[in-house]
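Structure assessment
So the chains spell out like this:
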Amino acid sequence: MKLNKKSLWNFIFAVLLIAEMILPHSVVSLVLLFLFCIVSLFVYAFKFKLRFKLKAPEAITFYLLFIIVCILNIWFKYAISKSVSWAMITTLLKNLAFMICLSMYIAIIGIECFKKVFVNAAVCASVILFAYIIVSTGHVDFRNDSSVNANVLAMSDALAFLLLVADSQRTKSSKIVMMAILLITQILAGTRKAMLGLLVGLLLYVLFTSKRRLIENLVKIGLLILIAYIFIMKTDVGYQLLGNRIESLLSLFMGGETDSSAETRIDFIQLGQRYFLKSPIIGNGIDCFRVIPGAYGTYSHCNYIELLFGTGLLGVTVYYMPHLMIILSLLNKRYKCVNRDKLPFILIVVLLVFDIAWVSYFSRISLTVIVACHYMLTNYHKEELEDGDTRVAS
């Protein structure tokens, strides 16, 4: 396959990621999704002569099973609103097609190229949104601009930041510039879950770092946290953007007063729990939380509650099985010497942190990371086994 075809494929995928980070599930992203799938099928068929073999099959298989659970929910008449559930199942089927094509893309392009494209897309999306806010409003407060929702972008930036931290191929200067853009965007977005996920990811990265670089990485991350803390808590701009929300979150944990956003999330969690107890095994219908009294036409803002409500214990178990497989793989003695498999573990844990305050089961950004993590893990292990065979043969 010629370089220009790969470049075009990378460009289409990058633009699709940018659209999903800024305008998820919009008409623009849908058109780009269709284009990406068509190109992926064409390139894969051309390269492998229609000898199709799924890459990262576990993630795709369990997502298919998750869709089947959602359909069974309607079939056995548990769904509160069939029309709402069917509409979401249509989106899930599109996501399944995307996951299959994404596995084709990574299989041919390579996981290292994929990681670079993801990081570049996050940086570009941040710059684009920043420029749009400046031009349209004259200020840089993402959170108070009702025309955009920077939550998905902020979480994507946190994931991209962690990929950059683990990237040993880029120059230090380019990494510093990119990290600055990603971190500034997260702060301006004022998204607590993105900052919390990033902090957890960085701490895990330090934990898994070799002893030789442990002190160095601790100092770097400590300085980064210190600079972020000073800006967020000690400056007027930072405090208005994120500092007051962090204080409100801490107050919530300590039983004190909190902001309206946190109070609403607590109410939604309690509401979801009540309905979950009515149908704990198979749930009340995917995406039906928004139609019940007290939900105000929106989702629960927590993936765990959303899935427990919609698909019950069965759906939650199936959906999170790929996450569990990656976490358990870290404990597998056969792979204990593999350093690179710590990255998929870290990314999956960060996604689990995000899910506390994010409904992600239909997010293509979340699914992108899940597929990539399974591909990383499978192929890193395959490479290790091949290296071992080579050493034995020599």
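The present account deals with the structure reproduced in this document. (Residues numbered from 1 in each chain as written. Predicted model: local features only at pLDDT ≥ 70, side-chain atom pairs only at ≥ 80, totals over all residues. Heavy atoms only, no water.)

A few words on the pattern of salt bridges. For side chains bearing opposite charge, pairing can occur when the charged atoms are close. All told, the structure shown has four salt bridges when counted by the stated rule. Measuring nitrogen to oxygen at the nearest pair gives 2.8 Å for the salt bridge that ties Glu20 to Arg364. In this pair, Glu20 sits in helix α1 (residues 3-22) while Arg364 sits in helix α14 (residues 364-393), placing the two residues 344 residues apart along the sequence. Glu20 gets classed as buried once you look at its relative accessible area, which sits at 3%. For Glu112, the salt bridge is made with Lys115, and the minimal N-O distance between the two is 3.2 Å. Here Lys115 and Glu112 lie together in helix α5 (residues 111-137), a separation of three residues that amounts to about one turn. (Salt bridge = Lys/Arg side-chain N within 4 Å of Asp/Glu carboxyl O. Helix = DSSP H or I, 4+ residues; strand = E, 2+ residues; numbered from the N terminus. Buried < 20%, exposed > 50% of the residue type's maximum accessible area, 1.4 Å probe, protein only.)

Glancing now at unusual backbone geometry. Of note, His25 is a non-glycine position whose phi angle comes to about 60 degrees, a positive value. Its location among the elements puts His25 in the loop between α1 and α2 (27-48). A residue is classified by how much of its surface remains accessible, and His25, at 31% relative accessible area, is partly exposed. In this model, His301 sits at a positive phi of 65 degrees, which is unusual for a non-glycine residue. Structurally, His301 can be placed in the loop between α11 (260-278) and α12 (303-329).

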